[in-house]
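As a plain string of letters, each chain reads:
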Amino acid sequence: MEVCYQLPVLPLDRPVPKHVLSRRGAISFSSSSSLFGAPDPRQLSQRRGAISYDSSDQTALYIRMLGACVIFKQLFPRDVRVRSQVGFEPEGRGSYPYLCIDFRTLHSCSESTSASSLIPGPGFISAGPVSGRRLRRLLSFQRYLHSSRLLWGTTHLNPLHILDEDYIGQAKCMLERVGSWNFDIFLFDRLTNGNSLVTMTFHLLNQYGLLELFQLDMVKLWRFLVMVQEDYHSLNPYHNAVHAADVTQAMYCYLREPKLAKSLTSCDILLGLLAAATHDLDHPGVNQPFLIKTNHYLAKLYRNSSVLENHHWRSAVGLLRETGLFSHLPAEEGLKMERQLGSLILATDISRQNEYLGKFRTHLNQDDLCLSNASHRHFILQMALKCADICNPCRPWELSKQWSEKVTQEFFHQGDIEKKHKLEVSPLCDSQRNSMGNIQIGFMTYVVEPLFAEWGRFSDTRLSQTMLGHLGLNKASWGGLVQQERPSSPDELEPSSPASVTMPTPAITESEPESASAVEPTAVTTATATGATNSKEIPQGRKES
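The rules behind the values
- Residues numbered from 1 in each chain as written.
- Predicted model: local features only at pLDDT ≥ 70, side-chain atom pairs only at ≥ 80, totals over all residues.
- Heavy atoms only, no water.
- UniProt positions renumbered as here; feature names shortened; annotations may be inferred.
- Polar contact = N/O pair within 3.5 Å; in protein donor to acceptor, adjacent residues only side chain to side chain.
- Helix = DSSP H or I, 4+ residues; strand = E, 2+ residues; numbered from the N terminus.
- Contact = heavy atoms within 4.5 Å.
- Expected span 1.5 Å × (residues − 1).
- Buried < 20%, exposed > 50% of the residue type's maximum accessible area, 1.4 Å probe, protein only.
- Phe/Tyr/Trp six-rings, centres within 6.5 Å; stacked < 30°, edge-to-face > 60°.
- Lys NZ or Arg CZ within 6 Å of the ring centre and 35° of its normal.
- Salt bridge = Lys/Arg side-chain N within 4 Å of Asp/Glu carboxyl O.
- Core = buried A, V, L, I, M, F, W, Y, C linked by side-chain atoms within 4.5 Å.

1. Some thoughts on the UniProt feature "binding site: Zn(2+) 1" (unreviewed entry) in the protein
Moving on, step 1. As recorded in UniProt, the sites labelled "binding site: Zn(2+) 1" (unreviewed entry) are H243, H279, D280 and D389. A compact arrangement is adopted by the annotated residues: their sequence extent is 147 residues, whereas the largest C-alpha distance between any two is 10.0 Å.
Moving on, step 2. At 3.5 Å, the side chain of H243 and the side chain of Y238 are in polar contact.
Moving on, step 3. In this fold, H279 is placed in the loop between α13 (266-278) and α14 (288-293).
Moving on, step 4. In contact with H279, other than residues within four places in its own chain, are Y232, H243, A244, V247, H312, I345 and D389.

2. Observations regarding α13
Moving on, step 1. Taking 1.5 Å as the rise per residue, α13 with 13 residues should run 18 Å; its terminal C-alpha atoms sit 18 Å apart, in good agreement.
Moving on, step 2. Among the 13 residues that make up α13, twelve are buried, leaving the element largely enclosed by the rest of the structure.
Moving on, step 3. Taken together, the buried positions of α13 are occupied by C267, D268, I269, L270, L271, G272, L273, L274, A275, A276, A277 and T278.

3. Some thoughts on the UniProt feature "binding site: Zn(2+) 2" (unreviewed entry) in the protein
Moving on, step 1. The feature "binding site: Zn(2+) 2" (unreviewed entry), as given by UniProt, occupies D280 in the numbering adopted here.
Moving on, step 2. Within the secondary structure, D280 sits in the loop between α13 and α14.
Moving on, step 3. Separated by 3.0 Å, the side chains of D280 and H279 make a polar contact.

4. Topic: helix α20 (residues 397-420)
Moving on, step 1. With 24 residues, α20 ought to run about 34 Å at 1.5 Å a step, and its terminal C-alpha atoms sit 34 Å apart, in line with that.
Moving on, step 2. For α20, the set of buried residues is L399, S400, W403, S404, V407, T408, E410, F411, F412, Q414, G415 and E418.
Moving on, step 3. Looking at the buried positions of α20, the neighbouring elements they touch are α7 (185-191), α11 (241-255), α14, α21 (436-458) and α22 (462-484).

5. Quick word on the side chain of S351
Moving on, step 1. Of note, S351 is situated in the loop between α17 (331-346) and α18 (353-366).
Moving on, step 2. Among the polar contacts listed, one links the side chain of S351 to the side chain of D349, at a separation of 2.8 Å.

6. Quick look at the packing of aromatic side chains
Between two aromatic rings, the relevant description is the distance of the centres plus the angle of the planes.
Moving on, step 1. For the coordinates displayed, the defined rule picks out twelve aromatic pairs.
Moving on, step 2. Taking 4.7 Å as the distance between ring centres and 40° as the angle between the ring planes, the aromatic pair formed by F186 and W403 counts as tilted. Here the residue F186 occupies a position in helix α7, and W403 occupies one in helix α20, the gap between them amounting to 217 residues.
Moving on, step 3. Taking 5.5 Å as the distance between ring centres and 50° as the angle between the ring planes, the aromatic pair formed by Y254 and W455 counts as tilted. With Y254 in helix α11 and W455 in helix α21, the pair connects residues that are 201 residues apart, well separated along the chain.
Moving on, step 4. The rings of W181, Y254, F360, F379, W455 and F458 are connected pair by pair, giving a single aromatic cluster.
Moving on, step 5. The ring of W313 carries R314 above its face, with NZ or CZ at 4.1 Å from the centroid.

7. Some remarks on the pattern of salt bridges
Close approach of charged atoms allows side chains of opposite charge to pair.
Moving on, step 1. Summed over all chains, the structure comprises eleven salt bridges.
Moving on, step 2. Here R321 ties to E338 by a salt bridge, and the two come within 2.7 Å at their closest N and O atoms. With R321 in helix α16 (residues 307-323) and E338 in helix α17, this residue pair connects regions lying 17 residues apart in the sequence.
Moving on, step 3. Overall, the relative accessible area of 54% leaves R321 in the exposed class.
Moving on, step 4. Take E338: its relative accessible area is 11%, and that puts it in the buried class.

8. A closer look at the nonpolar core
Moving on, step 1. Counting 105 residues, the largest nonpolar core has W181, I185, Y254, F326, F452 and W455 as the members making the most contacts within it.
Moving on, step 2. Ranked by the residues each element gives to this core, the list is headed by α11, at eleven residues.
Moving on, step 3. Among all residues touching W455, those that are not within four sequence positions of it are Y254, L260, F360, I380, M383, A384, C387, S464 and M467.

Written as structure tokens, this is what we have:
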């Protein structure tokens, strides 16, 4: 892989004003004098790197400092030109699809030999014949070196990373309030340079002391989390790594509830956090009926039964084995943890919502839940993960509305694909027949309210009351917006009622864990997490697709 670049016109020895250095740790190289005066706060909030550029200055070179590496991003052809000789995808699924170069190799005198081998001529950098997977592994370790200081609070002496310190400080301040229900995952993702899932999960595992307790290798764990984050599709508006980080943060809030905090074992907590982080791993951005009617290989592989959830689970197990995260455990113990992880992830299939909700309601009515019983604790973990997966309507309006916009965008994108290929448009995916407000009101009414009402019965705490309060306010807000909209068709006069899509009733696949082996009654599609696109079934006999 070779890179040919031209440096900015700005002389490198030009002194940078102190007030620029103090702005969130960022330096702006630009011919525009406005950046060196009183910049627009909106410009500052958009800068995610250590060295940023003015969008009005088309000769600027944008360089982001990330720990020990430098990332060159192509802004204009004359600034940065990347020629790939190893088939590395320029638009990868991960957060960092750009060429990564070791900053220390380029600037350290002690490594001048390595640097000279990397720089065959002026303006060219050759990384040699390395694979894309090897590049990602190198980047994973560099991310580990950089972020371990944030997570462990270790002071470092290397001055090369000074530009990122202010960003790290803000992210660290946010992690101190990670248990707050008002936690802004979008801001946290910006402050961590798109690494919210890795940083969040590692911090929570470390906070519980699980690394020492289970003797987890730190490098293996970090590589596993980076690979998980990379396997989420960043182009998905909703089912991406930020959603997984949000679910992980919500799961942490539930694990801190008094009934769970005093009953769950360390193994329960480890599985709960890992399941939250991987519950939508490698989600394609379309729902199960779409995979079935297009004869997708995943639908055939899992025999049309919990297709996406089985794929998420199997993908997570594959990464666990590739990184060897549990390789030091006895073989039987590792297999048991993989099965339990699958049982948690498969519980997020909303086509089995009635089954889980009915069982939960029965336990509460009979008051026979005993959290000293391992199977009961596991069931509560399943319910907690189901709540975390679709908790967006229970967040404050500013956060909930953003998630609603993202999931609706993903719905309508699927509908556009179906129209393009002359397929039947899935319910809720037709932008001409559905509105965001009606979709959300229907989802809250038929999916979220029944589940969180029962969770409130189980855990009658301030958090439960807060979630139900936000849910009511958000539903009223959407109702007000719908009233302001002028309906374009009779279908929009009432909130979108869940439309059912009848699917064949499949046999349970052999891959499904024992604890999640109940037969799926009927596969339908609904909006999860303010309308997720997995296959789901709606309580009270109402179905949404």
